[in-house]
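Residues per chain are reported as follows:
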Amino acid sequence: MRSENNKEPLSYTELAASLAAAVEEIAGHSEKQKKLAADLGAAHKENIHLIKEQAAVAAELAASYKELAFQNEEKAKRAAELVIANEELAFQNGEKAKRAAELVIANEELAFQNQEKACRAAELAVANKELAFQNQEKADRAAELEHFLQTAAGDKKIPGAAARSFLDIPRHLAFLVAGLVLAFSCGGYLLYRNTKINVYAGKYAELKAIGELKAGGLSNWWQERLNNAASLSLNLANESLVRPFLENTAPAQTAGDIKAWLENVLKSYDYEDAALVDNRGRVRLFVGIAKPALSQLALAGIKEVQRSQRPGLGGIYDKADNVSIPHLNLYVPLLGRAAPGAGGKCMGVLMFRINPERFLYPYIQSWPAPSRTAETLLLSREGDTALFLNKLRHSSAPPLSLRFPLSRKNSPAIQAVLGHEGAFEGKDYRGVKVLADFRPVPGTPWFIVSKVDSEEILSGLYLSAWLILVFTCLCILLSAGLITLLYNVRQRNAYRNLSVVNAARLRSDALLEDKLKDLLEKNAELERFLYTASHDLKSPVVTVRSFLGYLEKDLAGGNAARAAADIGFIRAAADKMAELLDDLLGISRIGRVITPPALVTLQAVADEALAAVAGKLSERGVRTQVAGGTAALFGDRLRLAEIWQNLVENACKYMGPQKEPRIDIGFEARGAERVFFVRDNGMGIDPRFLVKIFGLFEKLDAKAEGSGIGLAIVQRIVGLYGGRIWAESAGEGQGSVFYFTLPGAVSNEPQQGEKP
Amino acid sequence: MNGEPIVILLAEDENGHAELVRRSLEGAKVANTLIRVADGQEALDYLYRKNGFSDPAKSPWPGIIMLDLRMPRVDGLTVLKSIKADPGLMRIPVVILTTSEAEKDIAEAYDCHANSYLVKPMDFAKFTELMQTLDFYWLAWNKNPL
């Protein structure tokens, strides 16, 4: 607040002054008249006091009036101020309305931005889900892979794991194996069955051949007996010798002759006995071992041939005709000149006893091939039974002692006796399963059965069966093994491919993640860059536009001095802007390649850098030194040189009051890392600013030249080579060291070193 | 309101901007003394009376601080934090005066208890108007701590 001189209200002050003068005058006058007015003194004193009091009141009034006047003036001033303030306020309200309208627009913009953000968030959520899904996928694959590795390891080591791996074979493979097992089993069975059928068929054929052979043999034997008998029947000697003998008209030696003849016959035909029976059934003559007592059976046979006038063979009997062993009789009717059927009469019957042991039984029992169980049975039908005529191979029972009822249909003997011819598998007299051929013997009352035990045939088949079984099993095992092997190989390949793909995918994922991280970093950097750039570019615009306003005003007001100052500010701002733009352009170009990557020495790069700032160095009298200059670097030569150039320039700029300025360039080995440095003995850096200095357009000294982009450029180039940069300084006045690494330019060195 | 003109401490590295503020406040209604420092470090030195700011007569106590954000060495935000963390300084109103409209800057400034955040208008008339309004508001209307 400004103070002003106060003007006192004239009338009141003068009044008070005159009042005071009057009072003094009165007082002086009273002094002279003191004595005269002694009694009046007290009253007068009181009067004076009153007047003094009045004067004081008047003075007080004057003061209060003065104060009031002052306050009034203040109020007037305040009112004027209020009016201005009101105007101001009204103007501000208008502005506020405008601002509000702007705010509405801004709000809309903000709402739009918010919406955009929501969209972005939704996108991010989707991306997150996608990422989560991919992670799940990765976990699944990893689990699969782990399981596979465990299984693979278990195949070799742990039986339990192997069993588990077997169980892990997929269903289609299990089906395939099961199908194979089934197919091989079926094949094996069919092969076995076929073999069996073939073997059976072969056996049947064999049995049939044997049966036919034997039946033929027996039939021939039978027919031969009859034929021989027929020749005896019609022998001429019958008429001349036998008839007279039988009619008792023959000389005595006739009987001897007949006997001699009969003995010859017995010898020729290997018969046991021969008996001459007359028509009355008496044995008139006997040659042989024992004279037979003719049984009813023999007599029936004799009668039959007498009637038919044809020779006949009787059945095989035992315990008959005075003979206890099995035998059969050949009855030969003796006929004379009269031909049979021509009314000729039978003169008698010759009865020959044939021992089946001589030919029949051996013949029947003989078997053309070696066999443990094969035998031939000779049978005849006796009423409702089948009689076993021959000696049995598998039974100690004597011939003719075994009879089977015809109801035993599963016995081949019964089938034969029933007149059937053929073959089948049935049960023989022992109840044992046999393969049998059965047929009647033509021309005889006999039937023969040729049989062999099924077991014997099967025992031959067992081997085949075993062979087939073993072969089948082998086939199954082999194919199962092959399938498993193939499967495993396929799985292993698949897993290998999978793991390769997986590894590749993981690699690519990692690569993508790296890229993403890289991009995010780049983005953040770009945002920082944009923020800084926009802020720093805005600054000179504010200056230029504002001072243009002042310039107009000053030119209008004719204030040339201020106009010149305005122009100065505008120029400075414009210059700064130009510089900033140049720098921005420069930094935006850093990612771009200037020269193709090549192998260069530190010395070459440093020389290039030092040459670029030679002017400044010599101006300040800086001594420089490069150590370890033979160290090789691989990269963009000019870009690399920019690092040292900016650092040297920076060191030069902040050299401070150093009398022997000095810059050292070199490197140190820190572990496996090569750390480059640019060291100066300049003004140093406050530790607080060691990080900040690398920011875009950051300057520690506002008065220093340049826009503060140098270190930002260095940091970017170092970043391009995958390195980092940092500054160290013991403090202000202690000099500073800039350290940096360039793995991208150093790690390639050995391989690149081989190339020219 | 009566007594000494109020001291405004302006921390601004841009000479042009400092001059703009100075000129804008020349015609302001409320008497003030503008003292300008070139960066954050100088601002702190001033407030702590160090490095050439030790004379209270030459460096009077500021009634209000105007702070640019981007400055060499110590930036505005750091100065703000230092002020608001110091019981001896924290009551001084701090007005951020910057070209930045970045949300981040605004949020951070208020997080650090800035008393006001103003964006430098890119227009001569508006700049002047803002400065005079600012002067009037903070020095006339606003009740400042003693």
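Residues numbered from 1 in each chain as written. Chains lettered and ligands numbered in written order. Predicted model: local features only at pLDDT ≥ 70, side-chain atom pairs only at ≥ 80, totals over all residues. Heavy atoms only, no water.

Student: Could you clarify how one ought to interpret the pairing of strand β2 (residues 283-287) of chain A in this entry?
Tutor: Residue and element names in this part refer to chain A. In terms of burial, β2 is a largely internal element, four of the five residues being buried. In the sheet, strand β1 (residues 273-278) pairs with β2 via four bridges, with the strands oriented antiparallel. Bridged to A275 within β2 is F286. Here β1 hands over to β2 after four residues, with G281 in that stretch at a positive phi of 90 degrees. (Buried < 20%, exposed > 50% of the residue type's maximum accessible area, 1.4 Å probe, protein only. Helix = DSSP H or I, 4+ residues; strand = E, 2+ residues; numbered from the N terminus. Pairing = 2+ DSSP bridges.)

Student: So what exactly am I meant to see when it comes to the interface of chain A and chain B here?
Tutor: Buried accessible area, meaning the area lost when the parts come together, often serves as the stated size of an interface. Each partner contributes to the interface: chain A provides 39 residues, whereas chain B provides 36 residues. Counting each side, the surface lost to burial between chain A and chain B is near 3300 Å², with a carbon and sulfur contribution of 52%. Linking chain A with chain B are six salt bridges. The closest approach of N and O atoms between B:E26 and A:R562, which form a salt bridge, is 3.7 Å. For the interface between chain A and chain B, the tally reads ten residue pairs in polar contact (both at pLDDT 80 or more). Elements supplying a minimum of two residues to the side of chain A that touches chain B: α2 (39-156), α10 (454-556) and α11 (560-588) of chain A. Here the side of chain A that touches chain B takes 16 residues from α10(A), the largest share from any one element. (Contact = heavy atoms within 4.5 Å. Buried area = accessible area lost by both parts, 1.4 Å probe. Salt bridge = Lys/Arg side-chain N within 4 Å of Asp/Glu carboxyl O. Polar contact = N/O pair within 3.5 Å; in protein donor to acceptor, adjacent residues only side chain to side chain.)

Student: Where do I start with the nonpolar core in this structure?
Tutor: Within soluble globular proteins, side chains that are nonpolar generally end up buried alongside one another. Residue and element names in this part refer to chain A. Counting 82 residues, the largest nonpolar core has L633, L640, I643, W644, F740 and L742 as the members making the most contacts within it. Leave out the neighbours within four places in its chain, and F740 touches I643, W644, L647, R674, V675, F676, F677, V678, V718, R724, I725 and W726. Core analysis: the second largest hydrophobic core is formed by 41 residues, L218, V287, L313 and V441 among them. (Core = buried A, V, L, I, M, F, W, Y, C linked by side-chain atoms within 4.5 Å.)

Student: Explain the environment of A:L313 to me, please; I cannot follow it from the model alone.
Tutor: Residue and element names in this part refer to chain A. Examined against the element boundaries, L313 turns out to sit in strand β3 (residues 312-317). Between the alpha carbons of L313 and W222 there is a distance of 7.9 Å; along the sequence they are 91 residues apart. Discounting chain neighbours no more than four positions away, the residues touching L313 are W222, R225, L226, L328, N329, L330 and I354.

Student: Any chance you could explain the pairing of strand β10 (residues 433-440) of chain A here in plain terms?
Tutor: For a regular strand, side chains alternate in direction, first toward one face of the sheet and then toward the other. Residue and element names in this part refer to chain A. When you tally the buried positions in β10, you get six out of eight residues, the bulk of the element. Sheet analysis places strand β9 (residues 422-427) next to β10, joined by six bridges and oriented antiparallel. Its bridge partner being in β10, E425 is matched across the sheet by L435. Between the end of β9 and the start of β10, which pair antiparallel, lie five residues, with G431 showing a positive phi angle near 85 degrees. Summarising the sheet, β10 and strand β11 (residues 446-453) pair through seven bridges and their orientation is antiparallel. Each residue of the ladder has a partner; that of P440, found in β11, is F447.

Student: Whenever I open this one, the pattern of salt bridges confuses me. Can you help?
Tutor: When charged atoms on two side chains of opposite charge get close, those side chains can pair. Residue and element names in this part refer to chain A. Enumeration according to the criterion identifies 39 salt bridges over all chains in this entry. A salt bridge links R562 to D554; the shortest N-O distance between them is 3.3 Å. Assessed through its relative accessible area of 6%, D554 is described here as buried.

Student: Can you walk me through the packing of α10(A) against helix α1 (residues 15-26) of chain B in this structure?
Tutor: A pair of packed helices is characterised by two quantities: the angle between their axes and the separation of those axes. Relative to each other, α10(A) and α1(B) sit at 45 degrees, their axes nearing to 9 Å. Judged on the interaxial angle alone, α1(B) and α10(A) are oblique. In this structure, α10(A) meets α1(B) at a crossing whose hand is left-handed. Here α10(A) contributes A:S539, A:V542, A:T543, A:S546, A:F547, A:Y550 and A:D554 to the contact with α1(B), which in turn contributes B:G16, B:H17, B:E19, B:L20, B:R23 and B:S24. Across the contact of α10(A) with α1(B), the residue classes break down as four nonpolar, six polar and three charged. (Axes fitted to C-alpha atoms, helices over the stretch in contact; angles between N-to-C directions. Parallel < 35°, antiparallel > 145°, perpendicular 65-115°, else oblique. Left-handed = near helix turned anticlockwise from the far one by under 90°. Nonpolar A, V, L, I, M, F, W, Y, C, P; charged D, E, K, R; others polar.)

Student: Any chance you could explain the confidence of the model for chain A here in plain terms?
Tutor: Segments scoring low in pLDDT should not have their predicted coordinates read at a detailed level. Residue and element names in this part refer to chain A. With 83% of its residues at a pLDDT of at least 70, chain A reaches an overall mean of 79. Averaged over each element, pLDDT in chain A is lowest for helix α17 (residues 749-754) (40) and highest for strand β18 (residues 736-741) (92). Counted against residues more than four places away or in other chains, residues 156-166, with its pLDDT under 50, gives seven contacts. When the criterion is pLDDT under 50, residues 748-756 qualifies, and its contacts beyond four places in sequence or with other chains add up to six contacts. (pLDDT = per-residue confidence, 0-100.)

Student: Can you walk me through the sheet that holds strand β3 (residues 64-67) of chain B in this structure?
Tutor: Strands in a sheet are paired, the pairing made by backbone hydrogen bonds, and the direction either parallel or antiparallel. Residues and elements named next belong to chain B. As summarised here, the arrangement of the five strands in space is β2-β1-β3-β4-β5, forming an open sheet in which the pairing is parallel. The sheet is open, and its two edges are formed by β2 (32-37) and β5 (116-119), each paired on a single side. Adjacent strand axes in the sheet meet at a mean angle of 20 degrees, parallel and antiparallel pairs treated alike. Examined bridge by bridge, strand β4 (residues 94-98) and β5 share four bridges and lie parallel to one another. If you follow I96 over to β5, its bridge partner there is Y117. The strands touched by helix α4 (residues 103-111) within the sheet are β4 and β5, with β5 carrying the most contacts at an inclination of about 155 degrees.

Student: Any chance you could explain the packing of aromatic side chains here in plain terms?
Tutor: In this description, a pair of aromatic rings is defined by centroid distance and the angle of the planes. Residues and elements named next belong to chain A. Counted by the stated rule, this structure contains 24 aromatic pairs over all chains. Aromatic pair Y269 and Y271: ring centres 5.7 Å apart, planes at 20 degrees, arrangement stacked. Residue class for Y269 comes out partly exposed when judged on its relative accessible area of 26%. Relative to F404, the ring of F388 lies with its centre 5.2 Å away and its plane at 75 degrees, an arrangement referred to as edge-to-face. In this pair, F388 sits in strand β7 (residues 385-388) while F404 sits in strand β8 (residues 403-405), placing the two residues 16 residues apart along the sequence. A single burial state applies to F388 and to F404, both of which are buried. Ring pairs connect the aromatic residues W221, W222, F359, Y363 and W446, which therefore count as one cluster. The cationic tip of R679 hangs over the ring face of F677; the distance from NZ or CZ to the ring centre is 4.4 Å. (Phe/Tyr/Trp six-rings, centres within 6.5 Å; stacked < 30°, edge-to-face > 60°. Lys NZ or Arg CZ within 6 Å of the ring centre and 35° of its normal.)

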